[in-house]
Amino acid sequence: MAFAATISHCSRSLSSNAFSRDTNASKKIHPSALSLPHCSRISKMDSSCHGTIRKLSTFHICASVADVVRETPIEKVQLPKGETWSVHKFGGTCVGSSDRIRNVAEIIQNDDSERKLVVVSAMSKVTDMMYDLIDKAQSRDDSYIAALDAVLEKHRLTALDLLQVDDLANFLSRLHHDIDNLKAMLHAIYIAGHATESFTDFVVGHGELWSAQILASLVRKNGTDCNWMDAREVLIVSPAGSNHVDPDYLESEKRLEKWFSQNPSRTIIATGFIASTPQNIPTTLKRDGSDFSAAIMGALFRACQVTIWTDVDGVYSADPRKVSEAVVLKTLSYQEAWEMSYFGANVLHPRTIIPVMQYEIPIVIRNIFNLSAPGTMICRSSVNELEEGQRLESSVKGFATIDHLALVNVEGTGMAGVPGTASAIFAAVKDVGANVIMISQASSEHSVCFAVPEKEVGAVAKALESRFRQALDAGRLSQVAVIPNCSILAAVGQKMASTPGVSATLFNALAKANINVRAIAQGCSEYNITLVVKREDCVRALRAVHSRFYLSRTTIAMGIIGPGLIGSTLLDQLRDQAAVLKEKFKIDLRVMGITGSKTMLLSDTSIDLTKWRELQKEKGEVADLEEFVRNVHENHFIPNTVLVDCTSDSSLASHYCNWLRRGIHLITPNKKANSGPLDQYLRLRALQRKSYTHYFYEATVGAGLPIISTLQGLLETGDKILRIEGIFSGTLSYIFNNFIGTRAFSEVVVEAKKAGYTEPDPRDDLSGTDVARKVIILARESGLKLELYDIPVQSLVPEPLRGCASAEEYLKQLPQYDHDMSRKRKDAEDQGEVLRYVGVVDVANKKGTVELGRYKKDHPFAQLSGSDNIIAFTTERYKQQPLIVRGPGAGAQVTAGGIFSDILRLASYLGAPS
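Residues numbered from 1 in each chain as written. Predicted model: local features only at pLDDT ≥ 70, side-chain atom pairs only at ≥ 80, totals over all residues. Heavy atoms only, no water.

The subject of this paragraph is the overall build of the protein. The helix and strand tally for the protein stands at 33 helices and 30 strands. Split into buried and exposed, the 914 residues of the protein put 54% on the buried side. Long-range contacts, defined here as pairs at least 24 residues apart, represent 74% of the contacts in the protein between residues at least 6 apart. Summed over all atoms, the accessible surface of the protein reaches about 39400 Å², with 50% contributed by carbon and sulfur. (Helix = DSSP H or I, 4+ residues; strand = E, 2+ residues; numbered from the N terminus. Buried < 20%, exposed > 50% of the residue type's maximum accessible area, 1.4 Å probe, protein only. Contact = heavy atoms within 4.5 Å. Areas by Shrake-Rupley, 256 points an atom, 1.4 Å probe, with all protein chains shown as cover.)

In structure tokens, the structure reads:
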């Protein structure tokens, strides 16, 4: 304890005139700087640590050097301020190696500004290494010595690579001197087991001192007059709470003028991160302090611009690690940058913006590894930018998130109208040192909800329950509830204040992505809208809102179930059209999975559809429907998910309700769900209607023909359906269009099978069940509550042949029954009619039928050719002349086209431009 006090005393004794530096080879340390009073102060310390302090004496004397005395006095030079100065800041990554330091020197020399002030951080990882030295020493870990040697070696090798003889010798001399001092100090900390904040700040600030000296020497070597500045001689700051300091601009300005009068130069390399207290004790500007240093220097010099050099192209509209389509923003206002940085965007620390705002100095974020990128300029908003008529999507500049939060909800009827309740709540929060990120309160005053870091929520809840114990027991407060696992999503944009509909668009995007919002906050300035969502929904929510504001494409994750004839044709159509959709319509369709009954192919990003068949063979795995759905849906980089069921499997249809509940959109040509048991169908439709998920099934009736959408359009516009009648089977249309003259029925069936119009077993078509399912679908769509067994179906499969063991056996015996069909054809022809296999929905009489009908040769049904379908809608509006929909009703291309049309319809609903 005595020794810790000694270190503290030693720190205070260093506070007066605490720095020495050899700016260039012509400067000398005056002998009077090594004055005896310093030694007398040391002699008064506790004798128990005399040996250690003796080792520290060298450090102490060096750190107490008061004045740098020049051999030849020079005339005082006035500091020129204003737009002749440009400020650059290079972070640790930018000066992380010899090659990168050379690159920085080249950028400095290529800047044609009249005067330049360059702020540099420590070399990459060095600050962390210095903090690690402190941790090791106060933990009494002997490895701090080896760790310090590693710091020495890193800088020694860098200097050897960059500097020439004289500059190299001078730098290495100072480097070894600093390392010796640090060893003595760390040894003292090792013995004490404790480091004061001032000692810690002094140790960690050395990285900036060394990088500034190396860079300054290199710039001089390249022919540019240059001085380096120890910012501790200029920047004066005062502590302002935990991990914050406030600059003293008046005192800093005085010291800057004094420094410049002694060190005039058109190029100055200054240390970032470090400063001094008013008592001249070394301190730091805390984490991200180098950016702050640059902004302060920009304000002190009244610079024309502050450029922050980093390893990204600028400020993005969203975190590119979470939103791959995030774009670099050309400009941000000071307020927008402030808001985005507060909410976790990798922009700048909010305090960095404060110094430059007063003088309207723009900050430019540039990428040192991509000089062709113009970067992002942070500046005052121009009047033109805020004019009316701006597009809605430009009103939101960007989005940011904060994770690992919890909501605290204090609720009770006794809160309403009681002054001081909110004050008491937040006083209790302050007492436990928790940081409140967001506050939301309804106007009823029934509850107050606020977000705090999850690691602090336990202490907050305990403090509130203690503070309001009496109110809770009396029932005036009903609960102090904690909702864990939350994240904040913030939309930021200065133009939101003058643009109607931003909030509506934002919440609509979240609703369509099936995201539930837990809490909302918006200030009257309207610079940001803050939302709280579940942590697991955060990235999906971010992606959804980002996509909706046209900062990226409308992106949909797709899972294709059943890569058979129709499914594979759809995949080929998607492949051929993907580039056009992405470029012209901003629709990005990503197939994340393809599964059959035995094999599935999965991807975390998107399957390359140019070679999906090969990939399925090479990388396919055993099909697992649940794993398939999880892979497609739980990709948090894509907010919208659609499953496309290209099968006719009734077991898959049984999963539809569950998928809709999970927020998965559905598109299918599979008739089994809509024609299955009535209660399941009604449950499915009710779920779809009350959720924000979409269920499209145009291809269940008529393949690619717009039959379902036509019927829905009639109903939605108030028309009344009287009757729907049509030829719904492309197979049976082909058969009866070709069952003419003297041809046998069995001959036409065999021909249709060979042409690929029938199912592998033609009885599946000729039984009429498929047509009956389509009739049921249209009947239910029209409002009739019918079961499949309510539909009388005239089967074209002779009774004795229904039990044949195979299709081949059936086709072999079918000619025995040709005479029956030939007779029906002759009877129709004798009456000037033709045979057609039709389905009928008689809405007026609430029934449906499937039968072989007879129609006059001038009837539209008699005019068909090939495998065309035709459907006639008789309604109140179309009573005299039915509304006819006619076209190909079978075939992989048209069916896949119908499914594709539903996919694009979904994209339009989700925000794609039309």
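A few words on the environment of A337. With respect to the secondary-structure elements, A337 resides in helix α12 (residues 334-342). Take A337: its relative accessible area is 0%, and that puts it in the buried class. Taking the C-alpha atoms as reference points, A337 and P350, separated by 13 residues in sequence, lie 7.7 Å from one another.

The next subject is helix α4 (residues 98-110). Its 13 residues give α4 an end-to-end C-alpha distance of 18 Å, which sits within 8% of 18 Å, the value for a rise of 1.5 Å per residue. Restricting attention to buried positions, one finds in α4 the residues S98, I101, V104, A105, I107 and I108. Among the structural elements, β1 (85-90), β2 (115-120), α6 (144-162), α9 (206-221), β6 (267-271) and β9 (305-310) are those in contact with the buried residues of α4. (Expected span 1.5 Å × (residues − 1).)

Scored by pLDDT, the protein has a mean of 87; 88% of the residues are at 70 or more. pLDDT under 50 marks residues 1-74. Its contacts with residues more than four places away, or in other chains, come to 110 contacts. Here residues 383-393 is modelled with pLDDT under 50, and outside its nearest four sequence neighbours on either side it reaches 16 contacts, counting other chains as well. (pLDDT = per-residue confidence, 0-100.)

Take α12 next. Note that an α-helix has 3.6 residues per turn; residues three or four places apart therefore point the same way. Along α12, the residues classified as buried are Y334, E336, A337, E339, M340 and S341. Lining the buried residues of α12 we find β10 (331-333), α13 (350-357), β12 (376-379), β13 (398-411), β16 (479-492) and β18 (528-534).

Of note, E725 is situated in strand β26 (residues 721-727). Since its relative accessible area comes to 15%, E725 is described here as buried. One polar contact links E725 to R723, side chain to side chain, over a distance of 3.3 Å. If near-sequence neighbours (up to four positions away) are discounted, E725 is found in contact with G839, V840, Y855, F861, I870, I871 and A872. (Polar contact = N/O pair within 3.5 Å; in protein donor to acceptor, adjacent residues only side chain to side chain.)

With that out of the way, let us pick up the pattern of salt bridges. Within the structure shown, the criterion is met by 45 salt bridges. Of the charged contacts, one joins D161 and R102 as a salt bridge, the two residues approaching to 3.2 Å between their closest N and O atoms. Of this pair, D161 sits in helix α6 while R102 sits in helix α4, placing them 59 residues apart in sequence. Close ionic contact of R886 with D868 constitutes a salt bridge, the shortest N to O distance being 3.9 Å. Of the two residues, R886 is situated in strand β30 (residues 883-888) and D868 in strand β29 (residues 868-875); the sequence distance between them amounts to 18 residues. (Salt bridge = Lys/Arg side-chain N within 4 Å of Asp/Glu carboxyl O.)

This next bit is on the sheet that holds β30. Hydrogen bonds between backbone groups are what pair the strands of a sheet, and the pairing can be parallel or antiparallel. Pairing in this open sheet of five strands is antiparallel, and the strands run β28-β27-β26-β29-β30 from one edge to the other. Both outer strands of the open sheet, β28 (847-856) and β30, are each paired with one neighbouring strand and no more. Taken over all neighbouring pairs, the strand axes of this sheet differ in orientation by 20 degrees on average, direction set aside. In the packing of helix α32 (residues 818-830) onto the sheet, the strands contacted are β27 (833-842) and β28, and the crossing angle to β27 comes to about 95 degrees. (Pairing = 2+ DSSP bridges. Axes fitted to C-alpha atoms, helices over the stretch in contact; angles between N-to-C directions.)

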